[in-house]
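Close look at the chain arrangement
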Amino acid sequence: MNRRNFITLGASTLAITPMLGFKGFARTSQTKPAWLLDWITINDQQLANYKPLKVTDPANRFVGGYMNDYEMPNPHTTSGFLMKASMLFATPESVHYQSKEVLQEIEAAARALLNMQHDDGTIDLLDTNFHSTPDTAFVLENIVPTYKFLKPFKGTESATDAIKAFLTKAGNALTVGGIHTPNHRWVVSAALTKLNELFPDPRYTKRIDQWLAEHIDLDPDGQFNEKSTNTYSPVVDRSLIIMARGLNKSELVEPVRRNLMMTLYYVHPNGEVVTEASNRQDKGTIGNMSRYYYCYRYMALRDNNGEMAAMCRLIEQTCPKEQLAGYLDYFLEDPTLWKELPASKPMPTNYAKAFPYSGVVRIRRGNWDSTLLSNNATWLTFHKGNAVLQGMRVAASFFGKGQFQTEKIEQEGNSWVMRRTLDGPYFQPLPADKIDPNGDWDKMPRTNRQQSEVQRFETVVKVTEVANGLEIEVTMSGTEYVPVALELIFRPGGTLSGVAKHPKRDNSYLLSGESGTYTVGSDSIQFGPGKAEHKGVQLRGALPAMDAPTVYLTGYTPFNHRIYLR
């Protein structure tokens, strides 16, 4: 279960006295704003959702811990419970404040978590990673707050002693353990920063400095290496803010600033974030901007930045409160985040902007936007409100390799142009001195054979802005009479009109008339004119059809067709 999925418990209260002299979460007489009180209520209601996930069998070595949806006890779900329960236990406005029952559940979960930890201090991510330093660091995002929430209260010693033992062993692992991906360096470093605030140790800062010596992986576009806008970019931003504050390294805020300003151009009109350029598992997923809220709010207040403040307000309008409430611990820790945001300044909503290091061109004009992508078979998307063309693809049955994608996007006048050339050779008999005496085909490579009858194939896609939309011209030339299929892949949930259902394929349609329409609520995309010269929509060498309503335009080479999106 993800750290920011909210789940929740029940409560009666016990008078447990806060201890003095410990720097835990902020204790302030400052009145909490209404939105923060709403977040506390949301977390209160959700704590009970953990109950069916609890391990209750006393014979189970992880009794008191928590399971994922597949009934596997694991440290991630258990740490999520610990953070949420301890946060509510320590928050006066919570119905679970100083609850004796909740504290008992916390103590049991803390013991279970210790049993899930290996002797080397690491934990497992049961999906894939074992004895994992990075996942240990991710779990500390929950466990450090757990300790800080509980420590000021008398009567919590059983839980805090277990949690301190877990943190100490985890710290040992983080000072020596390795990583897999770029963001792991900063997640580990942020966890070490938090540990160093609790239990200062020169080993922690020394290890952080080793990772920082590699420099922050930010390209000139302002994007991190993984380009993971729906998962890891906000994780990196958050980690760098933690490090900047905890290590007194204000220079670490600069890459956060640059990434957040770049991301202003990666937002669709309905508040979703562009994900198609990611090189991680969030590629092509549907995601909103909720994961960025803490970072934008922190930076908007720090820099008095009106554009970032406007983004915060857009996130508040377009993201469920339940998602934002998942970051409650960050906001309880830092009351400066409760301050009123600066006045909004207009965010970019009218632009055509290239991000060459990311292989992306973004075009937005008010209520519609488009993303052009290199090194991606889905090379164009088009959003108009909640009506979404989630991908355009084109393929030809040219020697099984005719699925088009481009290495780069070039601007030519008012157009953006993508190209690819292919060849399809045949091969002559080998020279006598190159023939394997046993006739082993694998020992007679094509590179030793002379090519003949070489077929040539070129695809050019030109995207040009027109009134209220785009013109996409697709030209495929070279070898003649090669079947072509152009796909318009729409997000499920809308209604198509003006198209004909394919006679043999589900969720597939042909456009032969002047125009078709895809409608979701009050939003619609018009597209056309059509072309339907054959019904071969799944060509050899083309990617499988997506599980989405897809409109096809078909023809043969030489193929030249202009289609409009409005």
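Residues numbered from 1 in each chain as written. Predicted model: local features only at pLDDT ≥ 70, side-chain atom pairs only at ≥ 80, totals over all residues. Heavy atoms only, no water.

1. Considerations on the pattern of salt bridges
The final tally for this structure, using the stated rule, is 27 salt bridges. A salt bridge links Arg 419 to Glu 412; the shortest N-O distance between them is 3.0 Å. Here Asp 423 ties to Arg 456 by a salt bridge, and the two come within 3.6 Å at their closest N and O atoms. In this pair, Asp 423 is assigned in strand β10 (residues 415-427) and Arg 456 in strand β11 (residues 451-466), connecting sequence segments 33 residues apart. Its relative accessible area of 31% is what places Asp 423 among the partly exposed residues. Each of Glu 254, Arg 257, Arg 302 and Asp 303 takes part in salt bridges that share partners, so that together they form one network. (Salt bridge = Lys/Arg side-chain N within 4 Å of Asp/Glu carboxyl O. Helix = DSSP H or I, 4+ residues; strand = E, 2+ residues; numbered from the N terminus. Buried < 20%, exposed > 50% of the residue type's maximum accessible area, 1.4 Å probe, protein only.)

2. What to know about the packing of helix α3 (residues 100-116) against helix α5 (residues 157-174)
Here α3 crosses α5 at 25°, and the two axes come no closer than 9 Å. One element, α3, and the other, α5, form an angle in the roughly parallel class. Viewed along their axes, α3 and α5 form a crossing whose handedness is left-handed. Contacts from Ile 106, Glu 107, Ala 110, Arg 111, Leu 113 and Leu 114 of α3 reach α5 at Ser 158, Ala 159, Ala 162, Ile 163, Ala 165 and Phe 166. Classifying every residue of the contact of α3 with α5 gives nine nonpolar, one polar and two charged. (Axes fitted to C-alpha atoms, helices over the stretch in contact; angles between N-to-C directions. Parallel < 35°, antiparallel > 145°, perpendicular 65-115°, else oblique. Left-handed = near helix turned anticlockwise from the far one by under 90°. Contact = heavy atoms within 4.5 Å. Nonpolar A, V, L, I, M, F, W, Y, C, P; charged D, E, K, R; others polar.)

3. Focus on a nonpolar patch on the surface
Taken together, the side chains of Tyr 70, Met 72, Leu 126 and Phe 130 make up a nonpolar region of the molecular surface, amounting to roughly 450 Å² of accessible area. Tracing the backbone through its elements, the reader meets Phe 130 in strand β2 (residues 129-132). (Patch = residues over 30% accessible without salt bridge, like charges linked within 9 Å, V, L, I, M, F, W, Y side chains within 5 Å. Areas by Shrake-Rupley, 256 points an atom, 1.4 Å probe, with all protein chains shown as cover.)

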